[in-house]
Structures are given as structure tokens and as C-alpha cells.
Amino acid sequence: MTTAPARPAATATSSTVETYLCDEAGSLLSYTAKVSKSMLQPPGPAVIDRVWAPGVAALVLSLPAIGTALMTADAVAPAAAVVAIALLGFAQGAEYDFLAFLTARYLGLRHYGVLYGLLIVPVAICTALGASGMGYLRDLTGGFDAGLPWVGAAFVLGGRALLLLGPYPRDTRGASA
């Protein structure tokens, strides 16, 4: 009994991705950014320390809502998909930076490692549940359309929740929760 040679894994993965992305698969998979990676960095500590960080964080972490709105169109252009993914990636990269800064600023440094660890675990769990939930939704419905408005609303509500932090405490050098 002779069997046909197996396709290389890269070809199998590429064709699977192409079936999901349709005709634009090649252009999306080989896209090269026209903007330098260094230009996409979130505001650094020097900027965040001069302004009220929860306000900046609320704005930055709400940006993916624009991306979800772009992705709900009937026909998503490759450029719109790239912008949506860039907004999501920018916010995802910034959320850990904001969490680190805000933990130190509001809760102090005495037990920083423990406090940051307690705060980062729910963020990581929700990230995993959100991605898994959207994958499950795609399996059930054949697309992400039903979940994208909810995800966009969650981004906006999460960003706005940061505005409830209020002014910085006066002295957090020795503070702990």
C-alpha cells in the first residue's frame, strides 16, 4: 500500500489561512509596514509622568474599538484590516505598560511585585478568555460579526473605567494595599 507524500507543514498552514482570508490572503500575509516600529511605541514614562496617566490610558485602550468597528463592515479592505490590527496591537502592548505604571503610582512600591502580580493575572485570564470566546463564536457562527460590537464596547468601557481612578495619591513611597 503506497501513500501520497504529505504536504509540507508550511503549505498546509498557509492554505488553511488562505481559506479563512479569501483572495486577500497573499497581500495580508506578506504585508510590510510603511511605518517604523519605533514610531508605534506607546508614550514613554517621561510623557506619562507629566500628564494624568489614567486619561491617556483610557484613550489608548479605547482605540481598538475603532478597529472592531472597521472589521464589522461587509467587505473589509486589506488596509482597514491592517489598521484594525495595528490599533489592537498598539493597545495590547500599552496595557501592560500602563498597568505597571499605575500600580506603582497608585499602590506604591513596598509590595509592588505582589500587587502587580495580583493585577496582571486577571488581565491575562481575560485576554485568554476573550480570544478563546471569539474563536468559539467563529466556530458556531462562521464569523466574528456577532461578537465584534461587544468587544468594541468592552474596550471603551474598560478604558473609561480607568477614569474612575481619580487623582494620584499624595505619597505612595511606602504605601501598600
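Computed from a prediction, not measured in an experiment: that's the story for all the values here.

Some thoughts on the overall build of the protein
Thought 1: In terms of helices and strands, the protein carries eight helices and zero strands.
Thought 2: Taken from the N to the C terminus, the helices and strands of the protein come in the order α-α-α-α-α-α-α-α.
Thought 3: In the protein, which comprises 177 residues, the proportion classed as buried is 23%.
Thought 4: Counting contacts in the protein only where the partners sit at least 6 residues apart, residues at least 24 apart contribute 73% of the total.
Thought 5: Carbon and sulfur atoms provide 67% of the accessible area of the protein, an area that totals close to 11900 Å².

Topic: the confidence of the model for the protein
Thought 1: When pLDDT is averaged across the protein, the result is 82; 75% of the residues are at 70 or more.
Thought 2: Taken as a whole, residues 7-11 scores under 50 in pLDDT and shows two contacts with residues more than four places along the chain or in a different chain.

Brief notes about the packing of aromatic side chains
Thought 1: Within the structure shown, the criterion is met by two aromatic pairs.
Thought 2: Geometry around Tyr168 places Arg105 over its ring, the cationic atom sitting 3.9 Å from the centre.

Concerning a nonpolar patch on the surface
Thought 1: Together, Trp52, Leu163 and Leu165 make up an exposed nonpolar region whose accessible area comes to about 240 Å².
Thought 2: In this structure, Leu165 sits in the segment after α8 (148-161).
Thought 3: When its relative accessible area of 37% is taken as the criterion, Leu165 is described as partly exposed.

Topic: the nonpolar core
A general feature of soluble globular proteins is that nonpolar side chains tend to end up buried together.
Thought 1: If you look at the biggest cluster of nonpolar residues, it comprises 13 residues, and the most contacted ones within it are Ile48, Leu61, Phe98 and Leu102.
Thought 2: Of all elements in the fold, only α4 (53-62) and α6 (78-107) reach the threshold of two or more residues within this core.
Thought 3: It is α6 that provides the largest number of residues to this core, a total of six residues.

Observations regarding the environment of Ala79
Thought 1: With respect to the element layout, Ala79 can be found in helix α6.
Thought 2: Spatially, the C-alpha atoms of Ala79 and Ser27 are 10.0 Å apart, while their sequence positions differ by 52 residues.

Quick notes on the side chain of Thr103
Thought 1: Relative to the elements of secondary structure, Thr103 occurs in helix α6.
Thought 2: Looking at Thr103, the relative accessible area reads 1%, which means it is buried.
Thought 3: The residues contacting Thr103, other than those within four sequence positions of it, are Gly108, Tyr112, Leu115, Tyr116 and Leu119.

Focus: the packing of α4 against α8
Thought 1: Packing of α4 against α8 leaves a shortest axis separation of 8 Å and a crossing angle of 175°. When the axis of α4 is compared with that of α8, the two are roughly antiparallel. Taking contact as the criterion, the partners of Ala58, Leu61 and Ser62 in α4 are, on α8, Phe155, Val156 and Gly159.
Thought 2: Taken together, the residues of the contact of α4 with α8 break down into four nonpolar, two polar and no charged.

Conventions and cut-offs
Residues numbered from 1 in each chain as written. Predicted model: local features only at pLDDT ≥ 70, side-chain atom pairs only at ≥ 80, totals over all residues. Heavy atoms only, no water. Helix = DSSP H or I, 4+ residues; strand = E, 2+ residues; numbered from the N terminus. Buried < 20%, exposed > 50% of the residue type's maximum accessible area, 1.4 Å probe, protein only. Contact = heavy atoms within 4.5 Å. Areas by Shrake-Rupley, 256 points an atom, 1.4 Å probe, with all protein chains shown as cover. pLDDT = per-residue confidence, 0-100. Phe/Tyr/Trp six-rings, centres within 6.5 Å; stacked < 30°, edge-to-face > 60°. Lys NZ or Arg CZ within 6 Å of the ring centre and 35° of its normal. Patch = residues over 30% accessible without salt bridge, like charges linked within 9 Å, V, L, I, M, F, W, Y side chains within 5 Å. Salt bridge = Lys/Arg side-chain N within 4 Å of Asp/Glu carboxyl O. Core = buried A, V, L, I, M, F, W, Y, C linked by side-chain atoms within 4.5 Å. Axes fitted to C-alpha atoms, helices over the stretch in contact; angles between N-to-C directions. Parallel < 35°, antiparallel > 145°, perpendicular 65-115°, else oblique. Nonpolar A, V, L, I, M, F, W, Y, C, P; charged D, E, K, R; others polar.

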